[in-house]
Amino acid sequence: MPFVWDEGDLEHIAVHGVEAGEAEEALLDKRALIFDVPESGGEQRFARLGPTADGALLFVVFTLRLRAGVQYCRVVTARPASPKEKRKLQRR
């Protein structure tokens with residue numbers, strides 16, 4: 001599934017020390033946990049807690065959209081996982 005980024009999204013995750021490629025790695029990792037997130041502005045959102053290739057653990061909020069009949073992923077935010085979130089993944 002393709003990812004679509006805009007400058008605002010990239011700037012937002014950069015504040016948290018995360019790059020686009022890292023957020024994508026965390027979302028695509030098969031070990032990632034997925035959570036429902038409360039709807040925002042009529043849009044269903046999800047969160048994944050997953051590792052990057054370099055071993056960082058990220059919490060990534062995203063939504064799925066359609067453009068010209070093609071589904072794509074838009075990352076809303078991404079940040080390093082909290083200690084509590086890390087324990088959730090370790091217990092799995």
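Engineer: A description of the pairing of strand β3 (residues 57–67) should follow, citing residues and the corresponding values.
Structural biologist: Of the strand pairs in this sheet, strand β2 (residues 43–51) and β3 are connected by six bridges, and their pairing is antiparallel. Each bridged residue has a counterpart across the sheet, and for Ala 47 the counterpart in β3 is Val 61. Hairpin connection of β2 to β3: five residues between the antiparallel strands, including Gly 55 at a positive phi of 95°. The pairing of β3 with strand β4 (residues 70–80) spans ten bridges and is antiparallel. Residue pairing in the sheet places Phe 59 in a bridge with Arg 79 of β4. The antiparallel pairing of β3 with β4 creates a hairpin that spans two residues between the two strands, and Ala 68 there sits at a positive phi of about 55°.

Engineer: I'd love a proper account of a positive patch on the surface, names of residues and values included.
Structural biologist: Side chains of Lys 84, Arg 87, Lys 88 and Arg 91 sit close together on the surface and give a patch of like positive charge. Relative to the assigned elements, Lys 84 resides in helix α3 (residues 83–91).

Engineer: Describe the pairing of strand β1 (residues 33–40), listing the residues and the values that go with them.
Structural biologist: Two strands pair when backbone bridges link them, and β1 and β2 are joined in this way by six bridges, in the antiparallel orientation. The partner of Val 37 across the bridge, within β2, is Arg 45. Remark: two residues form the turn of the hairpin made by β1 and β2, two consecutive strands paired antiparallel; Gly 41 in that turn has positive phi of roughly 60°.

Engineer: Before we move on, can you summarise unusual backbone geometry with the specific residues and values?
Structural biologist: For Ala 68, which is not glycine, the phi dihedral falls at a positive 55°. Secondary-structure assignment places Ala 68 in the loop between β3 and β4.

Parameters and conventions
Residues take numbers from 1 onward in each chain, read along the sequence in its written order. The predicted nature of this model means local features are confined to residues of pLDDT at least 70 and side-chain atom pairs, given and counted, to a pLDDT of 80 or more, with totals for whole chains, interfaces and linings taken over all residues. Only hydrogens and water are removed before side-chain values are computed, so all heavy atoms of the structure are retained for them. Strands are treated as partners if at least two bridges between them are detected by DSSP. Helix and strand definitions follow DSSP, with helices as H or I runs of at least four residues and strands as E runs of at least two, each counted in order from the N terminus. Exposure above 30% relative accessible area and the absence of a salt bridge qualify a residue for a patch, where like charges join within 9 Å and nonpolar side chains (Val, Leu, Ile, Met, Phe, Trp, Tyr) within 5 Å. Here the Shrake-Rupley method, with its probe set to 1.4 Å, supplies the accessible areas, and only the displayed protein chains count as covering residues. Salt bridges are counted wherever a side-chain nitrogen of Lys or Arg sits within 4 Å of a carboxyl oxygen of Asp or Glu. Here Asp and Glu are counted as negative and Lys and Arg as positive; His is not counted, and neither are the chain ends. By convention, the point assigned to a charge is CZ for Arg, NZ for Lys, CD for Glu and CG for Asp.

Honestly, that's just the spatial picture; any functional story needs more than this.
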